[in-house]
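Observations on the three-dimensional arrangement
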Amino acid sequence: MTDAQTSGAQTSDAPPSDAPMSEAQLIAERVRACAGVAGLSGGLFGTVATYLPGERLMGVSVDDREVTVDIVARLGRPLPETAEEVRRAVADLAGDRPVNIRIDDVAPEDAAPADKTPEDAAKETSR
């Protein structure tokens, strides 16, 4: 038996909660904090995502050339303002890379924050 088994602790492949956040996770956190954003979206086929150890972060794609953010915007303000709010929020993390914002959907102003999965988008498209 291992120490984890004898102590009753469960082991996991996920990084410890005190592990430093990746660049994509920091970007996602800042985007979610924007007032005009209801959540992140992976797009219709889930192509806007970053693959991290043990998880797939939907709505943010980061590489050496660009940063792409796919959001669900809140109604009640002009969409270009929301896109610019997101762009400003992540500009220092993006450095000299362009930040592409795609508004995948809109939600009422009072909608609870929620990230949209490709399965959700597919259901909406098939209606």
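This is a predicted model, so every value here is computed, not measured.

Conventions we followed
Residues numbered from 1 in each chain as written. Predicted model: local features only at pLDDT ≥ 70, side-chain atom pairs only at ≥ 80, totals over all residues. Heavy atoms only, no water. Helix = DSSP H or I, 4+ residues; strand = E, 2+ residues; numbered from the N terminus. Buried < 20%, exposed > 50% of the residue type's maximum accessible area, 1.4 Å probe, protein only. Contact = heavy atoms within 4.5 Å. Areas by Shrake-Rupley, 256 points an atom, 1.4 Å probe, with all protein chains shown as cover. Core = buried A, V, L, I, M, F, W, Y, C linked by side-chain atoms within 4.5 Å. Arc of directions from axis to C-beta. Patch = residues over 30% accessible without salt bridge, like charges linked within 9 Å, V, L, I, M, F, W, Y side chains within 5 Å. Salt bridge = Lys/Arg side-chain N within 4 Å of Asp/Glu carboxyl O. Polar contact = N/O pair within 3.5 Å; in protein donor to acceptor, adjacent residues only side chain to side chain. Pairing = 2+ DSSP bridges. Right-handed = clockwise from strand over helix to strand, strands pointing away.

In terms of regular secondary structure, the protein chain is built from 4 helices and 6 strands. Along the protein chain, helices (α) and strands (β) appear in the sequence α-α-β-β-β-β-β-α-β-α when read from the amino end. For the protein chain, buried positions account for 35% of its 127 residues. Partitioning the intrachain contacts of the protein chain with sequence separation of at least 6 by distance along the chain shows that 71% fall at a separation of at least 24. Carbon and sulfur atoms make up 52% of the accessible area of the protein chain, which amounts to about 7,900 Å² in all.

Take the nonpolar core next. If you look at soluble globular proteins, the nonpolar side chains tend to sit buried side by side. In this structure, Ile27, Val31, Val69, Ile71 and Val86 are the most contacted members of the largest nonpolar core, which totals 21 residues. Mapped by element, the contributors of at least two residues to this core are α2 (23–32), β1 (37–40), β5 (67–74), α3 (79–94) and β6 (99–107). Per-element accounting of this core gives the leading share, 5 residues, to α3. Contacts of Ile71, omitting those with residues within four sequence positions, involve Val31, Val37, Gly39, Leu40, Ser41, Thr82, Val86, Ile101, Arg102, Ile103, Asp104 and Asp105.

Take α2 next. Three- or four-residue spacings in an α-helix give side chains the same orientation, since the helix completes a turn every 3.6 residues. When we look at burial in α2, the residues that qualify are Ala24, Ile27, Ala28 and Val31. Buried residues along α2 cover an arc of 100° about the axis, so they all sit on one side. Where α2 is buried, its residues touch β1, β2 (49–52), β3 (55–58), β4 (60–62), β5 and α3.

A word on a nonpolar patch on the surface. Residues Leu75, Leu79 and Val106 make up a contiguous nonpolar surface patch of roughly 220 Å² in combined accessible area. Following the sequence through the fold, Leu75 ends up in the loop between β5 and α3.

Relative to the assigned elements, Ser41 resides in the loop between β1 and β2. Of note is the side chain of Ser41, whose polar atom sits 2.7 Å from the side chain of Asp104.

For the rest of this paragraph, the subject is the pairing of β3. Bridge analysis of β2 against β3 gives 4 bridges, and the strand direction is antiparallel. Counted as the bridge partner of Thr50 is Leu57 from β3. Hairpin connection from β2 to β3: 2 residues lie between these consecutive antiparallel strands, with Gly54 at a positive phi of about 80°.

As a further point, take the pattern of salt bridges. This structure, assessed with the given rule, holds 8 salt bridges. Across the salt bridge formed by Arg102 and Asp104, the nearest N and O atoms sit 3.8 Å from each other. Under the relative-accessibility criterion, Asp104 is labelled partly exposed at 25%. When salt bridges with common partners are traced through the structure, they connect Asp70, Arg102 and Asp104 into a single cluster.

We now examine the side chain of Thr50. Residue position: Thr50 is located in strand β2. Within the structure, Thr50 has its side chain in polar contact with the backbone oxygen of Val60 (distance 2.5 Å).

Of all 8 residues making up β5, 8 are buried, and the element is well covered by its neighbours. Going residue by residue along β5, you find Val67, Val69, Ile71 and Ala73 tucked away on one face and Thr68, Asp70, Val72 and Arg74 tucked away on the opposite face as well. Here β4 runs beside β5; their pairing, made up of 3 bridges, is antiparallel. Bridging across to β5, Val62 finds its partner in Val67. From the end of β4 to the start of β5, which pair antiparallel, there are 4 residues. In the sheet, β5 pairs with β6 via 8 bridges, with the strands oriented parallel. Note that in β6 the partner of Val67 across the bridge is Val99. With respect to chirality, the unit in which β5 leads through α3 into the neighbouring parallel β6 is right-handed.

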